[in-house]
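Structure at a glance
Residues per chain are reported as follows:
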Amino acid sequence: MNLPNLISLSRLLSVPLIVSLILSHQLFLALIIFALAGLSDALDGFLARIFKCRTTLGAYLDPLADKALLIGVYASLGHIGLIELWVVVLVIFRDVLIIGGILLLFVFNASIKMEPLMISKINTVVQLIYALLILSQVDVFLGISSLNLYFGYLVALTTVLSGVTYVTLGFKIFNKMDTADL
């Protein structure tokens, strides 16, 4: 266990608190903790690269913490009506699809590296920004009523592109496997 892994673990452990705050409509406090959790995502990766302390645990813990954070926040924001249900379903479906695909490849003993694709990194950033915008109610403060709508479409676009890219990659890995392994 190293510092980047502890940061990822703290992000994972912050999810129930953030969800609870959102569901109890304490959006400002949820915003602060969510923003810190989002920053921790960049920090743990930065520290792992700088101090050359990437670990197998970190390769699994970091994306797990990201997925738990985003699924929890999107589901709770959808539950209280601040994010459209179709966006929530799309975000959750993509993550379930990716996790299911990884598990399926593990069942067939496929050799996979746990490294996020660039489109996935972009998708995570867009999803984080969208949730921050929703929690901060920036559209109300700026008087731009369609801002959240446009970011919702951007989340949908990057989520679909990321999901399709991972599914395509999963099929390529599966097709390269020796048929004797099946």
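Residues numbered from 1 in each chain as written. Predicted model: local features only at pLDDT ≥ 70, side-chain atom pairs only at ≥ 80, totals over all residues. Heavy atoms only, no water.

**What to know about the overall build of the chain**
Keep this limit in mind: Only DSSP runs of H or I reaching four residues or more are called helices, and only runs of E reaching two or more are called strands; each is numbered from the N terminus. We take the radius of gyration over the C-alpha atoms and set the globule estimate at 2.2 Å times the residue count to the 0.38 power. Working definition: with a 1.4 Å probe on protein chains only, accessible area under 20% of the residue-type maximum means buried, over 50% means exposed, and in between means partly exposed. Should any heavy atoms of two residues lie within 4.5 Å, those residues are counted as being in contact.
Across its full length, the chain holds seven helices and zero strands. Sequence-ordered secondary structure for the chain, helices as α and strands as β, is α-α-α-α-α-α-α. A globule of 182 residues ought to have a C-alpha radius of gyration of about 16 Å, and the chain, at 17 Å, matches this closely. Along the three orthogonal principal directions, the C-alpha set of the chain runs to about 60 × 35 × 25 Å. Per-residue burial over the chain gives 41% buried out of 182 residues. Across the chain, the fraction of contacts at a sequence separation of at least 24, relative to all contacts at a separation of at least 6, is 78%.

**Some remarks on the confidence of the model for the chain**
Inclusion rule: Every residue is assigned a pLDDT by the predictor, reflecting its confidence on a scale from 0 to 100.
For the chain, the average pLDDT comes to 90, and 94% of its residues sit at 70 or higher. Averaged pLDDT values for the elements of the chain fall to 65 in helix 6 (residues 138–142) and rise to 96 in helix 1 (residues 3–23).

**Digging into helix 1**
Quick reminder of the rule: Multiplying 1.5 Å by the residue count of a helix minus one yields the expected span of that helix. Across the chain, bend at a residue is computed as the angle between axes fitted to the seven residues ending at that point and the seven starting from it. By the criterion applied in these results, polar contacts are pairs of N or O atoms within 3.5 Å in which, for protein atoms, one can donate a hydrogen and the other can accept it, and in which residues neighboring in sequence qualify only through two side-chain atoms.
For helix 1, which comprises 21 residues, the first-to-last C-alpha distance of 31 Å matches the rise-based estimate of 30 Å (1.5 Å per residue) to within 8%. Of all the bends in helix 1, the greatest reaches close to 30 degrees and is centred on Ser-14; the proline Pro-16 follows between one and four positions later. For helix 1, the complete set of buried residues consists of Pro-4, Asn-5, Ile-7, Ser-8, Arg-11, Ser-14, Val-15, Ile-18, Val-19, Leu-21 and Ile-22. Where helix 1 is buried, its residues meet helix 2 (27–50), helix 3 (56–79) and helix 5 (118–136). You can read the cap of helix 1 off the contacts: a side-chain oxygen lies 2.9 Å from the backbone nitrogen of Asn-5, and it is on Asn-2.

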